[in-house]
Amino acid sequence: MGARERLSVGTYVAIGDSFTEGLNDPYPGEEDRFRGWADRLAEHLAEHDPDLRYANLAVRGKLLRQIVDEQVPTAVGLRPDLVTLCGGGNDMIRPGADPDALAVLFDDAVRKLRAAGARVVIFTGFDTRGLRSGHRIRGKAATYNMHLRAIADVRGCEVVDLWALRVFDDPRAWHEDRLHLSPEGHRRMALLVAERLGVPVTGDWREPWPPAETVGWLTLRREDIYWARTYLLPWIGRRATGRSSGDGRGPKRPTPLPL
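**Regarding the pattern of salt bridges**
Evaluated as defined, the whole model comprises 26 salt bridges. With a shortest N-O distance of 2.5 Å, R35 and E43 are connected by a salt bridge. For E43, a relative accessible area of 27% translates into the label partly exposed. R188 is the partner of E184 in a salt bridge, and the nearest nitrogen-oxygen pair spans 2.8 Å. On the criterion of helical spacing, the pair formed by E184 and R188 is a turn pair, its members being 4 residues apart in helix α8 (residues 183-197). According to the relative accessible area criterion, E184 is partly exposed, its value standing at 25%. Of the residues examined, R188 reaches a relative accessible area of 2% and is grouped as buried.

Spelled out as structure tokens, the structure:
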């Protein structure tokens, strides 16, 4: 596939959960309006085609079934040239997650998007070994990733394989909630996806991180306590009551519009 074809994207639709919505990469002065890697990718694409139309249907907290039932039909109806699809992460962190069953759902979504003529980019999950508290789901995540790679091969999709990328092991790539990328993490992610698409960009996602300050044991423990109180306990509370962070929220950019 040549460079000219790689840059021929008239409509780009992003679907998924908080990863694609862009938490926690707020626009300046707008704490609850997030930019994220998908918006940044659209900006890179628009540098080559100012007429690019971009929609972002992703909503935080969505499970894969909700993405497939709510976002995929909308995306198909928009007849996009390019779709980025990432989903299943919220399922994986719940007890009893079944990566084999999730893969069946994911494959059905990809099948429908490809049948509509879209070029589809999918994402494996990060290797949680390098993240605090990530060891609990590492085995299931690896199994799910195996399925995703196979789906991409069968359906003719491109894969952004995050599992082996050590640059995202740095804590500075992550927000303090330990679940979402930081603004710098989102910036690097957009550069990575652009590279996979063959889109010329300024910047390199591989750029080495500056030397980090040494953090003592006591500081780390205080951070753990703050994280548990601020993020873990509210998450447990939502799970116990059947609520989601995305309840009552719609997509931030439901209609493909020029940037």
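Having seen the structure, we can now continue with the description.
**A few points about helix α9 (residues 217-241)**
Compared with the 36 Å implied by 1.5 Å per residue over 25 residues, the 35 Å span of α9 between its first and last C-alpha is a close match. Where α9 bends most, the angle comes to about 40°, and this point is A228. Looking one or two residues beyond α9, the residue adopting positive phi is G242, at roughly 70°.

**Describing the nonpolar core**
Grouped burial of nonpolar side chains is what soluble globular proteins tend to show. If you look at the biggest cluster of nonpolar residues, it comprises 35 residues, and the most contacted ones within it are Y12, F19, W37, F123, L162, F168 and M189. Breaking this core down by element, the ones donating at least two residues are β1 (11-16), α3 (36-48), β5 (82-86), β6 (119-123) and α8. Here the element with the most residues in this core is α8; it accounts for 7 residues. Once you skip the residues sitting within four places of it in the chain, F19 turns out to touch W37, C86, F123, F126, L162, L181, H186 and M189. The next biggest cluster of nonpolar side chains, apart from the first, holds 28 residues, and it includes L64, V72, L113 and V120.

Conventions adopted
- Residues numbered from 1 in each chain as written.
- Predicted model: local features only at pLDDT ≥ 70, side-chain atom pairs only at ≥ 80, totals over all residues.
- Heavy atoms only, no water.
- Salt bridge = Lys/Arg side-chain N within 4 Å of Asp/Glu carboxyl O.
- Buried < 20%, exposed > 50% of the residue type's maximum accessible area, 1.4 Å probe, protein only.
- Helix = DSSP H or I, 4+ residues; strand = E, 2+ residues; numbered from the N terminus.
- Expected span 1.5 Å × (residues − 1).
- Bend = angle between axes of the 7 residues up to and from the residue.
- Core = buried A, V, L, I, M, F, W, Y, C linked by side-chain atoms within 4.5 Å.
- Contact = heavy atoms within 4.5 Å.

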